[in-house]
Amino acid sequence: MNIYEIKVFKRQDGKDVEVSLDAYRGQVMLIVNTATGCGLTPQYTALEELYRKHKEAGFVILDFPCNQFMEQAKGDDEQINSFCTLTYDTTFPRFKKIDVNGPNEAPLYTFLKQAIESREGRGGGLSGLMISLTSKLNGKSKKSNDIQWNFEKFLVDREGRVVKRFAPTVTPKQIESEVAALL
């Protein structure tokens, strides 16, 4: 399987619409699990700045709200979209709220985590460093490759390869040079 075979859902005109990630083929993607009531929510401003600066060069941010971490993405998809649009003036694609860990984990996140684990090696990289602290905070982390908190980011190159995973506290400004290098 490759990332372009994965389908996700958007809420448009009151309906759930299936979207294939093949629509983003050839673009550099930054995939982010977000929350509207988190201390990291102000990252939306920097995400939007990064998106606007590089979108013409083939860069896109894909926003996947998730309510798994202390229920910090309350509200339905329309409420989340309105909040992000009105509060942070976001224009990058936002999808339906999903689970990023556990039995209802979205296939996209299963793919992303397995791809980066294969690249970094089992138990290494970001996941191994973050698991002990964040599992105490959220009580939901069971595996070393689980998403640990809101605003974890995955960078995907133009060929659909997952090239890097960034901790929630790594800001969009801190990864801009890595995004630009792939454009």
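Procedures and definitions
- Residues numbered from 1 in each chain as written.
- Predicted model: local features only at pLDDT ≥ 70, side-chain atom pairs only at ≥ 80, totals over all residues.
- Heavy atoms only, no water.
- Helix = DSSP H or I, 4+ residues; strand = E, 2+ residues; numbered from the N terminus.
- Contact = heavy atoms within 4.5 Å.
- Core = buried A, V, L, I, M, F, W, Y, C linked by side-chain atoms within 4.5 Å.
- Buried < 20%, exposed > 50% of the residue type's maximum accessible area, 1.4 Å probe, protein only.
- Expected span 1.5 Å × (residues − 1).
- Arc of directions from axis to C-beta.
- Salt bridge = Lys/Arg side-chain N within 4 Å of Asp/Glu carboxyl O.
- Pairing = 2+ DSSP bridges.
- Axes fitted to C-alpha atoms, helices over the stretch in contact; angles between N-to-C directions.

### Details of the side chain of N101
Its place among the elements puts N101 in the loop between α2 (77-88) and α3 (107-120). If we ignore the near neighbours within four places in the chain, the residues touching N101 are Q68, F69, K113, D146 and I147.

### A look at the nonpolar core
In terms of nonpolar packing, the biggest core is built from 51 residues, with I3, I31, L108, Y109 and L112 touching the most fellow members. For this core, the secondary structure elements donating two or more residues are β3 (28-34), α1 (43-54), β4 (59-65), α2, α3, β5 (153-156), β6 (162-166) and α5 (172-182).

### Description of α1
A turn of α-helix holds 3.6 residues, and therefore any two residues three or four places apart point the same way. For α1, built from 12 residues, the straight-helix expectation of 16 Å at 1.5 Å per residue is met to within 8% by its first-to-last C-alpha distance of 17 Å. Among all positions in α1, only Q43, Y44, L47, E48, L50, Y51 and H54 are buried. What you see down the axis of α1 is that its buried residues fit within an arc of 160 degrees, all on one side. Across from the buried face of α1, at angles greater than 90 degrees, the exposed residues are E49 and K53. Among the structural elements, β3, β4, α2, β5 and α5 are those in contact with the buried residues of α1.

### As for unusual backbone geometry
One non-glycine residue, D89, lies in the positive phi region at around 55 degrees. Structurally, D89 can be placed in the loop between α2 and α3. Judged by its relative accessible area of 42%, D89 is partly exposed. Positioned with a positive phi, F151 is a non-glycine residue whose angle comes to about 70 degrees. Within the secondary structure, F151 sits in the loop between α4 (125-138) and β5. By relative accessible area, F151 is classed as buried at 0%.

### Notes on the environment of E71
Considering the arrangement of structural elements, one finds E71 in the loop between β4 and α2. The class of E71 is partly exposed, set by a relative accessible area of 48%. Expressed as a C-alpha distance, the spacing of E71 and A35, which sit 36 residues apart in the sequence, is 8.5 Å.

### Topic: the pattern of salt bridges
A full pass over the atoms with the stated rule returns 14 salt bridges. Between D63 and R94 there is a salt bridge, with the nearest N and O atoms lying 2.7 Å from each other. Of this pair, D63 sits in strand β4 while R94 sits in the loop between α2 and α3, and the two are 31 residues apart along the sequence. By relative accessible area, which is 1% here, D63 ends up buried. Salt bridges here are not isolated pairs; linked through shared partners, they connect D16, D77 and K96.

### Quick look at the sheet that holds β3
Taken in spatial order, the 4 strands line up as β4-β3-β5-β6 in an open sheet, and their pairing is mixed. The open sheet has two free edges, formed respectively by β4 and β6, since each of these has just one partner strand. Within the sheet, the average angular offset between the axes of one strand and its neighbour, ignoring direction, is 20 degrees. Running over the sheet, α1 touches β3, β4 and β5 and is turned about 150 degrees from β4.

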